[in-house]
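Report on the structure
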Amino acid sequence: MSRLVMKFGGTSVADLERIRRVARLVNAEVQAGHQVAVVVSAMAGKTNELVAWTDGAGPAAPGLTPSDDEYDVVVASGEQVTAGLLAMTLRNMGLPARSWMGWQIPIIADDAHGRARIDDIQPEKLGAAMDAGEVAVIAGFQGVTRDGRIATLGRGGSDTSAVAIAAALGAPCDIYTDVDGVYTTDPRIESKARKLAKVSYEEMLEMASLGAKVLQTRSVELAMAYKVPVRVLSSFVEPGEAPGQGTIVCDEEEIVEKRIVSGVAYSRDEAKISLFGLPDHPGVSSAIFGALADANVNVDMIVQSHARTADTANMEFTVGKRDAQRAVEIVRAAQPQIGFDDVAVNEDVAKVSVIGVGMRSHTGVAKSMFQALAEKGVNIQVISTSEIKISVLIDAAYTELAVRALHAAYGLDQL
Ligand code: ADP
Ligand code: ASP
Ligand code: MG
């Protein structure tokens, strides 16, 4: 019998009625002859509530023991509830089922609490239960460290749980969510967004890492590395209502129709830090980014330019919003050693990106991007490119305008 992993996100299990619909979708796959492992998220909003409680309990003051491990104990609990409820619902439908927490499988994770990575999955017990005809209902988002502590996989991490389990079981992975596939851009921002029938792992990876939260970035990395066939589907349907729909995430070679640009993504989780009057000599960048790296601050875009004054330069770089104040403190602490004039931070910025494998072989993509933004009066603050994407940093107030302008400029509403 073939195995199948089905994953349901927070809105898909938001209440008992939706959990019953999930159970019907699972039952349909069981009746179709699959051995099913289901991965569930916490009910919509639950993880945010749990995170707020941990904020309320307070971060450790300097000198006290930090509680990142206990943060994970709290926030992992939302998935335990939905796994239990879905297993109960399946049993009430007459299907043998049981819940599995990360530690029971086990899903071994590293000890980077709050953003742990999966090191290993030992699927033997899980596989044996599935062979015996039981539906395995797995709490997403959580694993266990080698010394037995609960670890969570970062926000959106149930996608990663699902793909990792699929890789370990040698099964395909269906990700059920509140949209019926991967679109050319976030359909909540641009109603003209089109569903992509297929998208390559590489494009999906860029889209996810540039802000399209429909799949967690790490889940796409795993799918690509282990060649897991992934489909993104709507859970808001009854079994059999939308056969064959959704988006298939697959190898580029499997996509016949070639597009230059496949999607537009945006992220508001950005902050820009500007340093003025830096001495213009070797070692300055190394001192700045070395200090940030030592503090685990992730830096994304970087630009440096000559200042008017001789022998000085200005530099701008971006970090995640939640790291902004920490980054400024780190840079300030290094000011005597580096010797710059001033530092400023701007949190009202957003990154908008266009993604497409066709960029490798076509010129003019950047030109169209800059032209479309200029026509709407959107000023570009920083630009960065890679082989298959171009990103610009803009004033956050223009995010939606920019996304829609770019979506139209590349004809994505006509696909
Ligand atoms: P889940 O709770 O099921 O994991 P998420 O909220 O994490 O769902 O992801 C689904 C959301 O991703 C959609 O509701 C949509 O607003 C957003 N999204 C952003 N970009 C895209 C895109 N390109 N295609 C589809 N959805 C997208
Ligand atoms: N419940 C977790 C979160 O909200 C994990 C997930 O939904 O994928 O981030
Ligand atoms: Mg998600």
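These remarks concern the structure in this document. (Residues numbered from 1 in each chain as written. Chains lettered and ligands numbered in written order. Predicted model: local features only at pLDDT ≥ 70, side-chain atom pairs only at ≥ 80, totals over all residues. Heavy atoms only, no water.)

**Overview of the overall build of the protein chain**
This is how it is decided: Strands here are runs of E lasting at least two residues and helices are runs of H or I lasting at least four, both read from the DSSP assignment and numbered beginning at the N terminus. Each residue is placed in one exposure class: buried if its accessible area under a 1.4 Å probe, protein chains only, is under 20% of its type's maximum, exposed if it is over 50%, and partly exposed if it falls in between. Working rule for contacts: check all heavy atoms of both residues, and any pair within 4.5 Å makes them a contact. Working definition of accessibility: Shrake-Rupley area with a 1.4 Å probe, residue cover restricted to the visible protein chains.
Across its full length, the protein chain carries 13 helices and 18 strands. Here the protein chain holds 415 residues, and 49% of them are scored as buried. Sequence-distant contacts, at least 24 apart, represent 75% of the contacts inside the protein chain between residues at least 6 apart. Carbon and sulfur atoms make up 50% of the accessible area of the protein chain, which amounts to about 18900 Å² in all.

**Focus on the site of ligand 2**
The test is simple: It suffices for a single heavy atom of a residue to lie within 4 Å of a molecule or strand for the residue to be listed as near it. Here a polar contact is recorded for every N or O atom pair within 3.5 Å, except that within protein the pair must consist of a potential hydrogen donor and a potential acceptor, and residues adjacent in sequence are included only if both atoms are side-chain atoms.
All residues adjacent to ligand 2 are S41, A42, T47, E79, F141, R155, G156, G157 and S158. T47 has a polar side-chain atom sitting 2.8 Å from a nitrogen atom of ligand 2. A distance of 2.7 Å separates an oxygen atom of ligand 2 from a polar atom in the side chain of R155. Considered on its own, ligand 2 offers 270 Å² of accessible surface; in the complex 86% of this is hidden by protein.

**As for the sheet that holds strand β17 (residues 382-386)**
The following threshold applies: Pairs of strands are assigned from DSSP output, requiring at least two bridges between the strands. Axis lines are fitted through C-alpha atoms, for helices just across the contact stretch, and the angle between N-to-C directions can take any value from 0 to 180 degrees.
Ordered by their spatial adjacency, 6 strands build an open sheet running β14-β15-β13-β16-β18-β17, and the pairing between neighbours is antiparallel. The sheet terminates laterally at β14 (299-306) and β17, the two strands that pair on one side only. When the angles between neighbouring strand axes are averaged without regard to direction, this sheet yields 30°. Bridging between β14 and strand β15 (residues 312-320) involves 6 bridges; their strand directions are antiparallel. In the sheet register, Q304 faces β15, and the bridge partner there is M315. Across the sheet, helix α7 (residues 201-209) touches β13 (263-279), β16 (342-355), β17 and β18 (389-395), and the angle it forms with β16 is around 150°. Against the sheet, helix α12 (residues 365-375) makes contact with β16, β17 and β18, and its axis sits at roughly 20° relative to β18, the strand it touches most.

**Notes on the sheet that holds strand β2 (residues 35-40)**
Spatial strand order, β3-β6-β2-β1-β9-β11-β12-β10: 8 strands in an open sheet with mixed pairing. Edge positions in the sheet fall to β3 (97-100) and β10 (198-200), since each of these pairs with one other strand and no more. Taking each pair of neighbouring strands and ignoring which way they run, the sheet shows an average axis angle of 20°. Pairing analysis gives 6 bridges linking strand β1 (residues 3-8) to β2, with the strands arranged parallel.

**Some points on the packing of helix α2 (residues 46-57) against helix α3 (residues 68-75)**
Short version of the rule: Throughout, a crossing is termed right-handed when the near helix is turned clockwise from the far one, and left-handed when it is turned anticlockwise from it by less than a right angle. All amino acids are sorted into three groups, where Ala, Val, Leu, Ile, Met, Phe, Trp, Tyr, Cys and Pro are nonpolar, Asp, Glu, Lys and Arg are charged, and the leftover types, Gly among them, are polar.
Where α2 meets α3, the closest approach of the two axes is 9 Å, and the angle between their N-to-C directions is 145°. For α2 against α3, the interelement crossing comes out right-handed. Contact with α2, carried on its side by L50, V51 and T54, involves Y71, V74 and V75 of α3 and no other residues of that element. Per-class residue counts for the contact of α2 with α3 are 5 nonpolar, 1 polar and no charged.

**Comments concerning the site of ligand 1**
Contacts to ligand 1 come from 17 residues, most closely from T177, D178, Y183, D186 and R188. Between Y183 and ligand 1, the recorded distance is 2.9 Å, taken from a backbone N or O atom to a nitrogen atom. In this structure, an oxygen atom belonging to ligand 1 sits 2.5 Å away from a side-chain N or O atom of R188. Contact with the protein chains covers 89% of the free accessible surface of ligand 1, which is 570 Å². Among the residues making up the shell around ligand 1, the classes are represented as 7 nonpolar, 5 polar and 5 charged.

**Brief notes about the side chain of Q216**
With respect to the secondary-structure elements, Q216 resides in the loop between α7 and α8 (217-226). Reaching out from Q216, the side chain makes a polar contact with the backbone oxygen of R155 at a distance of 3.1 Å. If we ignore the near neighbours within four places in the chain, the residues touching Q216 are L153, G154, R155, G156, G157, D159, T160 and A208.

**A few points about the pairing of β2**
Look at any regular strand and the pattern is simple: side chains alternate between the two faces of the sheet. Worth spelling out the cut-off: A right-handed crossover is one whose linking path, passing over the helix from the first strand to the second, runs clockwise when the strands point away from the viewer.
Counted residue by residue, β2 has 6 buried out of 6 residues, so it is predominantly covered. Burial along β2 is two-sided: Q35, A37 and V39 facing one way and V36, V38 and V40 facing the other are all buried. Handedness of the β1-helix α1 (residues 16-31)-β2 crossover: right-handed. Bridge analysis of β2 against strand β6 (residues 135-139) gives 4 bridges, and the strand direction is parallel. If you follow V39 over to β6, its bridge partner there is I138.

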